[in-house]
Amino acid sequence: MITSQTVQQLLQVFRNFRDNHASGMPLHRSYREAVHTVADAHSVTYQTIGDGCRRRLRLNDIGELYELLASWVKGDSRGLVRQLKANSDPSVHAEIDQFFSGAQSALTDNKNASSKISSHDESETFSFRLPARDARMLKALAELEGVSVGELTARVVSEAVRDRMTVVARSIVKSAEAHA
């Protein structure tokens, strides 16, 4: 029987997976990134969280989990809910139901937002390094805000770039006025 703590970790993985996938990340990578994020947040190994997602749900292999996740992002959470409930204590079933009822509306919202973004706004992928301390704080902030690290990073960087552009633009205008 899956403990309440393990169910919490699985739901965190599924939330991060959903956010990663909704931001355009491929399904398999979305899952791996979500497992890494949750493992880091709980100071456990990737294998510990991955085990909860596969073996404790009594799935034969990772392919079965990918199929359940693919169905979920297409709007059918029944298989994933069934596996969770069949292998967890009944005391957490309401929490599972609540997560997936909220998650389904979030998936719909994310699909709508993604289609708006892709039709009105192009995006680019960037890769950069952070000092370890900053990376830990970023992961903690993302967890506290209930979003993926990628989503939080994109939001923070976009805000900082817009703010910096405003400062630079004002400086250019002041400089031009001074020379006029």
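Note: the structure precedes this text.
Attention here is on the structure that accompanies the text. Just so it is clear, the structure is predicted and the values come from calculations on it, not from any experiment.

1. Things to note about the overall build of the chain
- What the chain contains, in helices and strands, is eight helices and zero strands.
- Secondary structure of the chain in N-to-C order comes out as α-α-α-α-α-α-α-α.
- Taking all 180 residues of the chain together, the buried fraction comes to 32%.
- Taking all contacts inside the chain whose residues are at least 6 apart in sequence as the whole, residues at least 24 apart take part in 59%.

2. Thoughts on unusual backbone geometry
- Phi is positive for Ser43, close to 55°, though the residue is something other than glycine.
- For Ser43, a relative accessible area of 68% gives the class exposed.
- Even without a glycine there, the phi angle at Arg58 is positive, about 60°.
- Looking at where Arg58 falls in the secondary structure, it is placed in the loop between helix H3 (46-53) and helix H4 (62-73).

3. Section: the nonpolar core
- Among the nonpolar cores identified, the biggest contains 30 residues, and Val13, Phe14, Tyr31, Leu69 and Phe100 are the most heavily contacted of them.
- Of all the secondary structure elements, the ones that give two or more residues to this core are helix H1 (4-22), helix H2 (27-41), H3, H4, helix H5 (78-86) and helix H6 (93-120).
- Ignoring sequence-local partners within four residues, the contact set of Phe100 consists of Leu11, Phe14, Trp72, Ser77, Leu80, Val81 and Leu84.

4. A closer look at the pattern of salt bridges
- Applying the stated criterion to the full structure yields six salt bridges.
- Note that Asp51 and Arg55 form a salt bridge whose closest N and O atoms lie 2.6 Å from each other.
- For Arg55, a relative accessible area of 48% translates into the label partly exposed.
- When the shortest N-O distance is used, the salt bridge between Asp76 and Arg78 registers 2.8 Å.
- By relative accessible area, which is 59% here, Arg78 ends up exposed.
- One connected set of salt bridges, linked through shared partners, spans Asp51, Arg55 and Arg56.

How each quantity is defined
- Residues numbered from 1 in each chain as written.
- Predicted model: local features only at pLDDT ≥ 70, side-chain atom pairs only at ≥ 80, totals over all residues.
- Heavy atoms only, no water.
- Helix = DSSP H or I, 4+ residues; strand = E, 2+ residues; numbered from the N terminus.
- Buried < 20%, exposed > 50% of the residue type's maximum accessible area, 1.4 Å probe, protein only.
- Contact = heavy atoms within 4.5 Å.
- Core = buried A, V, L, I, M, F, W, Y, C linked by side-chain atoms within 4.5 Å.
- Salt bridge = Lys/Arg side-chain N within 4 Å of Asp/Glu carboxyl O.

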